[in-house]
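# An overview of the molecular structure
Residue-level listing of the chains:
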Amino acid sequence: MRLSHARSAGLLLLLTAVATAVSVMTRLAGSNEPLEGAPVQLPVILDQGQYVISGAARTISGFALVAAAAFLRIVIRPGQPALAGTAATLLEISGAATAISGVSMLALAGVMPQSAEGTASLAAWSGPGWIEAVDGARWIAGKVGFTLAGLGLIALGPVQWRMGGVLKISAVVDVIIGVAMLFIWVDAATVMHRVSGIAFLLWLIVSGVWLTLGLMQPARR
């Protein structure tokens, strides 16, 4: 294992965490999801500046995760090449999907009006025909990215387990978080969505610090 690769992966995971946190906070402050049954099923942009920041931060977090996973592949590959490669690939695709979701948000912000009055005020707005497709891409890419990140953590669990020591505990935690993240597709599991989102953010921070400090030990063969 090359320490520089581990530190690069760690710093990029920390960047992913910061960008993710900024994206979530600014999205909550700058937009609302449409009410069920509303005449216009598009995000309600309450503050265009905040929404743009959210989209840009989500895009950055996606690209940062792609780069972090590429370095992580080098760090963890010696122990279990197949599983390590699978975990890294899932995280890379997750980052790419997240970046697509962020770019879609920026596209929406560029054409949709700010609507302080809420969803009802959008009923008379006539937007371009492709806007619903872009919003669909935002929605599906965001969920797919989160799902693939969860699958990546599940695949990463056995790799860390084989490394042994304290990483066995981390391996179990990774799998638990990964499974919880798969509930993103269950609309009724709102509380689970929030818990798994916070857990993933903590995973990014802890793993980023851990790798940056060079605490990872070479995997045993």
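Structural notes, computed from the coordinates. (Residues numbered from 1 in each chain as written. Predicted model: local features only at pLDDT ≥ 70, side-chain atom pairs only at ≥ 80, totals over all residues. Heavy atoms only, no water.)

### Some details on the overall build of the chain
- Scanning the chain from terminus to terminus reveals six helices and two strands.
- Within the chain, the fraction of its 221 residues that count as buried is 47%.
- For the chain, long-range pairs separated by at least 24 residues make up 74% of all intrachain contacts whose partners lie at least 6 apart in sequence.
- For the chain, the computed accessible surface area is about 10500 Å², with 70% contributed by carbon and sulfur atoms. (Helix = DSSP H or I, 4+ residues; strand = E, 2+ residues; numbered from the N terminus. Buried < 20%, exposed > 50% of the residue type's maximum accessible area, 1.4 Å probe, protein only. Contact = heavy atoms within 4.5 Å. Areas by Shrake-Rupley, 256 points an atom, 1.4 Å probe, with all protein chains shown as cover.)

### Describing the packing of helix H3 (residues 81-111) against helix H4 (residues 131-163)
- Contact pair H3 / H4: the axes reach a minimum separation of 7 Å and the direction vectors enclose 160 degrees. With respect to their mutual orientation, H3 and H4 come out roughly antiparallel. Seen from above, H3 lies across H4 with left-handed handedness.
- Split by residue class, the contact of H3 with H4 holds 24 nonpolar, eight polar and two charged. (Axes fitted to C-alpha atoms, helices over the stretch in contact; angles between N-to-C directions. Parallel < 35°, antiparallel > 145°, perpendicular 65-115°, else oblique. Left-handed = near helix turned anticlockwise from the far one by under 90°. Nonpolar A, V, L, I, M, F, W, Y, C, P; charged D, E, K, R; others polar.)

### Comments concerning the packing of aromatic side chains
- In this structure the tally under the stated criterion is three aromatic pairs.
- Between Trp 139 and Trp 185 the ring centres are 6.2 Å apart and the planes differ by 85 degrees, which places this aromatic pair in the edge-to-face class. Taken together, the positions of Trp 139 in helix H4 and Trp 185 in the loop between helix H5 (167-181) and helix H6 (190-212) put the pair 46 residues apart, joining distant regions of the chain.
- Residue class for Trp 139 comes out partly exposed when judged on its relative accessible area of 42%.
- Residue Trp 185 is classed as partly exposed on the basis of its relative accessible area, which comes to 40%.
- Both rings, one in Phe 146 and one in Phe 200, keep their centres 6.2 Å apart while their planes meet at 85 degrees; by these two values the pair is edge-to-face. Taken together, the positions of Phe 146 in helix H4 and Phe 200 in helix H6 put the pair 54 residues apart, joining distant regions of the chain.
- Residue class for Phe 146 comes out buried when judged on its relative accessible area of 17%.
- Take Phe 200: its relative accessible area is 9%, and that puts it in the buried class.
- Ring pairs connect the aromatic residues Phe 146, Phe 200 and Trp 203, which therefore count as one cluster.
- The cationic tip of Lys 143 hangs over the ring face of Trp 185; the distance from NZ or CZ to the ring centre is 6.0 Å. (Phe/Tyr/Trp six-rings, centres within 6.5 Å; stacked < 30°, edge-to-face > 60°. Lys NZ or Arg CZ within 6 Å of the ring centre and 35° of its normal.)

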